[in-house]
Structure formats: C-alpha cells, structure tokens
Amino acid sequence: MSTNQQIIVQTLVEQKNIELYPEVKVDDFFHLYATEQILKDYDLNYEEIEKGITEGGGDGGIDGIYTFVNGELIQSIDDIVETKKNALLELVIVQSKFTNGFSETAIEKCNSSAKDLFDLSKDVDSLRAVYNGELIRNVKIFREQYKKIISKFPTLKIQYYYCTKGVEIHPNTERKTEFLKETLSTLFSDSELSFEFVTAQRLLEISRKEQTRVKQLSLNDNPISTTDEGYIAIASLKSYFDFITNEDHRLLKYFFDANVRDYQGTVEVNKGIKHTLENPDEEDFWWLNNGITMTVSKATYSGKTLTIEDPQIVNGLQTSFEIFNYLKNNPDSDDSRNVLVRVITTKSEKSRLRVIRATNSQTRVPLSSLRATEAIHRDLEDYLLTEGFYYDRRKNYYKNNGKPVNSIISISYLGQAVMAIVLQEPDYARARPSSLLKNDSDYSRVFTDTYAIALYSTCIKIQKLVELKIKSDNYCFTTSQIGDIKYHIATYLTSLITNKEKPSPKEISEIDVSTISEEDCSMAIDEVNVLYESLGGTNAVAKGKELVDELKELIKEKIKTGNAI
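Quick caveat: nothing in here was measured; it's all calculated off a predicted structure.

Chemist: Looking at this structure, I do not really get the overall build of the protein. What am I missing?
Modeler: Scanning the protein from terminus to terminus reveals 23 helices and 15 strands. For a compact globule of 565 residues, the expected C-alpha radius of gyration is about 24 Å, and the protein comes in at 25 Å, within 12% of that figure. Dimensions of the protein, computed from C-alpha atoms along their principal axes, come out at roughly 80 × 60 × 50 Å. Relative to its full complement of 565 residues, the protein shows a buried share of 53%. Within the protein, residue pairs in contact and separated by at least 24 positions form 72% of the contacts whose partners lie at least 6 positions apart. Counting every atom, the protein has about 25500 Å² of accessible surface; 48% of that belongs to carbon and sulfur.

Here it is, written out as structure tokens:
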C-alpha cells in the first residue's frame, strides 16, 4: 500500500506534467522535476537541465550528469574555464525512477559505469559502444574541466542522488553505496563524496523550499537614504556574507543578475581583491573597493537593518565572490572590516537594465555579458508573448512563474534555431551553442534589426515542430541522436518548404508553419537521418561539414527534379 507521501508525490508529478510539459511521458517528467528540485540552488533553467539528461539505453545507471565550477554550470567543451587556486569543482549525478522503492541493481550499475567513465586512463571515446552519446559527452566535459584545473588543486565534490517515490532504504541497498564510494575514492583520492537517497518525503521537502526573495542586511550605522527609496550603506563583511548565502552557507546564485553573473573578471582584479581581504591593514576594506550595487523592488530600513525584496546584484560580482570565498574559508574570522553597498529601487525593468549597463560600463565587463539588456531582446520578449512564447531574457523569470516548459524560449535556443534555419549552419548550431552570445561576429549575424521580428517566431515554430515530431512514438531516436540531427532537419525542411536552396529571411518569415503536413515533416526526418547514418551517425558527424554538404546537394536535387514540398 502506498503511503501518504507517495500518493502526494504521484499526484503532484502527474499534475505538474499536465500543466508544464504534457508533451513528455510522466516517467520522463519525473526525472526533469526531481532534477530541478535537487539542483534548485544552482538556478538552472529547463534547457540546461535537459542538456544534462543521459537516461535511456547505455546510460550506465546515470540519468543526469552536471559539472559545476564555483557554482557555474559547464555544459560544453567551449565553456571549460581556467580558475585560480582553491576552486570548487562539483560533479552531480542524478538517478531517478518513478517507482515506489530503491533497488540494489541501480547502484550496482552506477558502480560498474564509474569504473569505466571516471578512470582517466581510459579513452572515453572508446566507450561509445557501451554508453550512449549524451553520457559520453557530459562525462567528457567533466574530465576535460578536471584536467584543465588539476594543477590548481581544486576541491572536488562528487555527489550522487538517487530519487524515487520510495520511503525506506533497505540495509542491503544502502550497503551498495559503500562500494560505489570505494570505487570513486580509488579514482579520486582527495575528493569529497556523498550519496543521498531522495525519498518521497525528502522530495516533498525540497519542493516546498522556495527561493529566498526577501532578506535582511544588518548595518553598522544609519544609511544615507535617497528621495527615490534608495540607500547607500556600510555593512560588515560578515553581514554581507550572511546576506548572499543561505543557512547552509551556500551562495545564493540567483541574487546575482543573470546578465553579469557569468563574468569572471580578470585574474589581476581577483588577485587584488583577494589580497586586500587576506592582508588587512589600517585601511577599511570599503576604502579600497568600489563596493556593491544592487537593484531591488523594495527596501525599507528599521533598527539598523535593511529589509530588501528581490535583490539583484548588478555590480560588484567579483567583490561578492571574493568576500564569500574569504569568509567561507575563514568561518571563525573576527574581521571587523566593512563593504560599501548601494541599494537602488527601480520602478521598471527598463530602468533596471539601464542601471546594469551604466554601472558595468565603468568596469571591464565585456558587452557580450550584457546582451540580454539590449533593446532587441526586450522587443523579442514583448512580441513572442503575443505568439504564445515566453522569452527567457531574464533567466528563469517565466520558469519561476510556472509557465509551460515547451513555451519558454532561451536566448541560446532562439540563436541556434536562427543559425540553422536562416543562416543554414546546422553544424555550427549543434557544435557551439554557447558561442552565439559570446562571439561578436556570430551574435550580430543572428540578432539584428534587419530581420523582421516575425522571422524569429517562425524559426521557433519550425524548430519546435521538428522536435515534437522527432520525439514522437513514431521514432526511437536516442537523446543524443535527436540533438545531432534536429537542426539539420530544420534546415532541410525550410529549404524544401520555400523551394529554395538558400531562402531569404523574408521568405522564411512568411512561412505558415501550421500548413506543414506531418508527412512532409516525417519525410524530412527520414531523409536527413539516412544521410546522418550513412556518414557514421555520430556526434562528430553532426558537428562536421560533410553532412551539411550532402544535405545541400540533396536539396539541390530535390528542387531540380521538382520534388520539393
């Protein structure tokens, strides 16, 4: 008989599945939901969670795998970063089953695959016959990131989570985790290892835990208040540390504006802040540092305490990180120094974005870190709302407001769709999703006022149509195969619909996606897959030029013989 907790989890997941992601089966949605809750503190969006999913045939007992450096997700080889000493490298592995118990076999599979996947003496590519492509890709990211910073002696944390609707763990099942820990200890002797069984009760506890939106900042003295409900204040380093961390002293990543949080700063600046913190002298810290700027929806002052709603730290990112690292490593410090904090109450999103750009223009934050503040993205957000899409310019804004998974469009998703459909570079869209915002040349080709705004909506609709069909029960593609060919299918289908080898942006924007038949879409999927498989059917094939060249030849032939759609 099911317990109350199991019944609640069952009902909750089934309802959320219908509300948020009816396109997927409930078992698949359970994994997405469980992973979202487990990784809640990392503030991932749905697209980032889905890219880490590895479940299916050849998953080695691993349903999801994620690599973080200092709390930042590393999700492609292009994202791999250099770090300073004492960096935190985290490997999070999730296994989930929509069942009422925990099995020994599941842990045994994890142990067996760990001996292969995390043994650095083994070539991970040689394991493709055993493990699926998405698992290999994500393991390779962890391996390469680890090797990149190993000389800096990072702190390595490996965390396994096994989530089901179970309520109890049998001693024999729990004993199996010791063998897994032993395997990993042998492979990574200095790592911190943990294994958590996420029961129905524990999953409910995590689910009910909401992100902190109101927090208090203790001050030493009365702040300077402004006529527009802002404050300029001096807070102790310890008080500020408490403000930006939770009760477990984990950094509240979502307090840092998504527009600037990826900016890691220069090594020289980081070293300077760190040196100042670690070598106190007669000067107070705030004398030597520009301090912190945050935008808020509301701030009130009472009894030397600022109560702040919806804080977003828009300037002073590196100062915040260095204060966090300094006091995290020195928890018993009696350091009495202070930091300058500017609190700006903004009345509109437009005003908040102007503050972000203005405060960061005085530092070396590259413009690529501020892309989402540009007018074109604000216009896209407004327009796409009329088309039924929620443009994730403000990371996780719509996710946190309970909008459907398939209707939330990230900037990178839109960029990849335009790269494949308009620019006809599906190989690039597949190979380098993160570079679309970071590379000025790529960005300017994708996001430009010369395109009709309707073009972007059309690209989303075509890409979504392809993904819906390729994931249907009519096909048995793996997650890796879908990722490999979905952009090539979109490129191919668009050319056949317009009867043009390279359709113009205007011609693409005028496509009525609702008129594309299921037969035409299926034909495009089948024909692209035949080419993909004939060339080897691998991730390398999808990222290479040969498949694109073959595709373009096929398009020419179809148009020449009058067999386009």
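Chemist: What exactly am I supposed to notice about helix H23 (residues 545–560) here?
Modeler: For an α-helix, the turn length of 3.6 residues means that residues three or four places apart are oriented alike. Given a rise of 1.5 Å per residue, 16 residues ought to cover 22 Å, and the 23 Å separating the end C-alpha atoms of H23 matches this to within 8%. Residues of H23 that are buried in the fold lie against helix H15 (426–431), helix H19 (479–498), helix H21 (518–534) and helix H22 (539–543). Once H23 finishes, Gly-562 follows within two positions and takes phi at roughly 75°, a positive value.

Chemist: Would you take a moment to explain the pattern of salt bridges for this structure?
Modeler: Side-chain pairs of opposite charge can arise whenever the charged atoms involved come near each other. Inspection of the entire model under this criterion finds 38 salt bridges. Linking Lys-209 and Glu-247 is a salt bridge whose minimum nitrogen-to-oxygen distance equals 3.9 Å. With Lys-209 in the loop between helix H7 (200–208) and strand E6 (214–218) and Glu-247 in the loop between helix H8 (237–243) and helix H9 (267–278), the pair connects residues that are 38 residues apart, well separated along the chain. Between Glu-518 and Lys-469 there is a salt bridge whose closest N-O contact spans 3.5 Å. Residue Glu-518 is found in helix H21, and its partner Lys-469 is found in helix H18 (residues 453–470); the two are separated by 49 residues along the sequence. Linked through salt bridges whose partners overlap, the residues forming this network are Glu-134, Arg-137, Arg-430 and Asp-484.

Chemist: I'm lost on empty space enclosed by the protein in this one. Help?
Modeler: The method is simple in principle: a probe with the dimensions of a water molecule rolls over the atoms, and the space it marks as empty is what remains. Using the criterion set out here, one finds one cavity of 30 Å³ or more in the structure. Considered as a void within the structure, the largest cavity measures approximately 40 Å³ in volume. Along the walls of the largest cavity sit Ile-158, Tyr-160, Thr-177, Leu-180, Lys-181, Leu-184, Leu-193, Ser-194 and Phe-195, which together make up its complete lining. Elements with a contribution of two residues or more to the lining of the largest cavity: strand E4 (155–163), helix H6 (171–187) and strand E5 (192–198). The greatest single-element share of the lining of the largest cavity, amounting to four residues, is contributed by H6.

Chemist: Before we go on, may I ask you to explain the sheet that holds strand E13 (residues 338–345) in this structure?
Modeler: Backbone-to-backbone hydrogen bonds pair the strands of a sheet. The strands run either parallel or antiparallel. One open sheet holds the five strands; their spatial order is E7-E8-E13-E9-E12, and the pairing between them is mixed. Edge strands, defined here as strands with exactly one partner in the open sheet, are strand E7 (224–225) and strand E12 (312–315). Where strand E9 (residues 292–296) and E13 come together, five bridges link them in parallel fashion. Each bridged residue has a counterpart across the sheet, and for Thr-293 the counterpart in E13 is Arg-342.

Chemist: In this structure, what is going on with unusual backbone geometry? I would like to understand it.
Modeler: With the exception of glycine, most residues fall at negative phi, and the peptide bonds are largely trans. A positive phi angle, close to 55°, is found at Phe-153, a residue other than glycine. Assignment of secondary structure puts Phe-153 in the loop between helix H5 (133–149) and E4. Phi at Asn-499 takes a positive value of approximately 60°, unusual for a residue other than glycine. Within the secondary structure layout, Asn-499 lies in the loop between H19 and helix H20 (505–509). We classify Asn-499 as partly exposed; its relative accessible area is 38%.

Chemist: Help me understand the sheet that holds E5 in this model?
Modeler: The mixed open sheet is built from five strands, whose spatial order is E2-E1-E3-E4-E5. The open sheet has two free edges, formed respectively by strand E2 (72–74) and E5, since each of these has just one partner strand. On average, adjacent strands in this sheet sit at an angle of 25° to one another, irrespective of strand direction. Pairing between strand E1 (residues 64–69) and E2: three bridges, direction antiparallel. Paired with Val-69 across the strands is Glu-72, a residue of E2.

Calculation criteria
Residues numbered from 1 in each chain as written. Predicted model: local features only at pLDDT ≥ 70, side-chain atom pairs only at ≥ 80, totals over all residues. Heavy atoms only, no water. Helix = DSSP H or I, 4+ residues; strand = E, 2+ residues; numbered from the N terminus. Rg over C-alpha atoms; globule rule 2.2 N^0.38 Å. Buried < 20%, exposed > 50% of the residue type's maximum accessible area, 1.4 Å probe, protein only. Contact = heavy atoms within 4.5 Å. Areas by Shrake-Rupley, 256 points an atom, 1.4 Å probe, with all protein chains shown as cover. Expected span 1.5 Å × (residues − 1). Salt bridge = Lys/Arg side-chain N within 4 Å of Asp/Glu carboxyl O. 1 Å grid on protein atoms, 1.4 Å probe; cavity = no way out; pocket = protein on both sides within 12 Å on 5 of 7 lines; lining within 4 Å. Points joined across faces, edges and corners; volume = space filled by probe spheres on them. Pairing = 2+ DSSP bridges. Axes fitted to C-alpha atoms, helices over the stretch in contact; angles between N-to-C directions.

The values reported here are purely geometric and, on their own, carry no functional implication.
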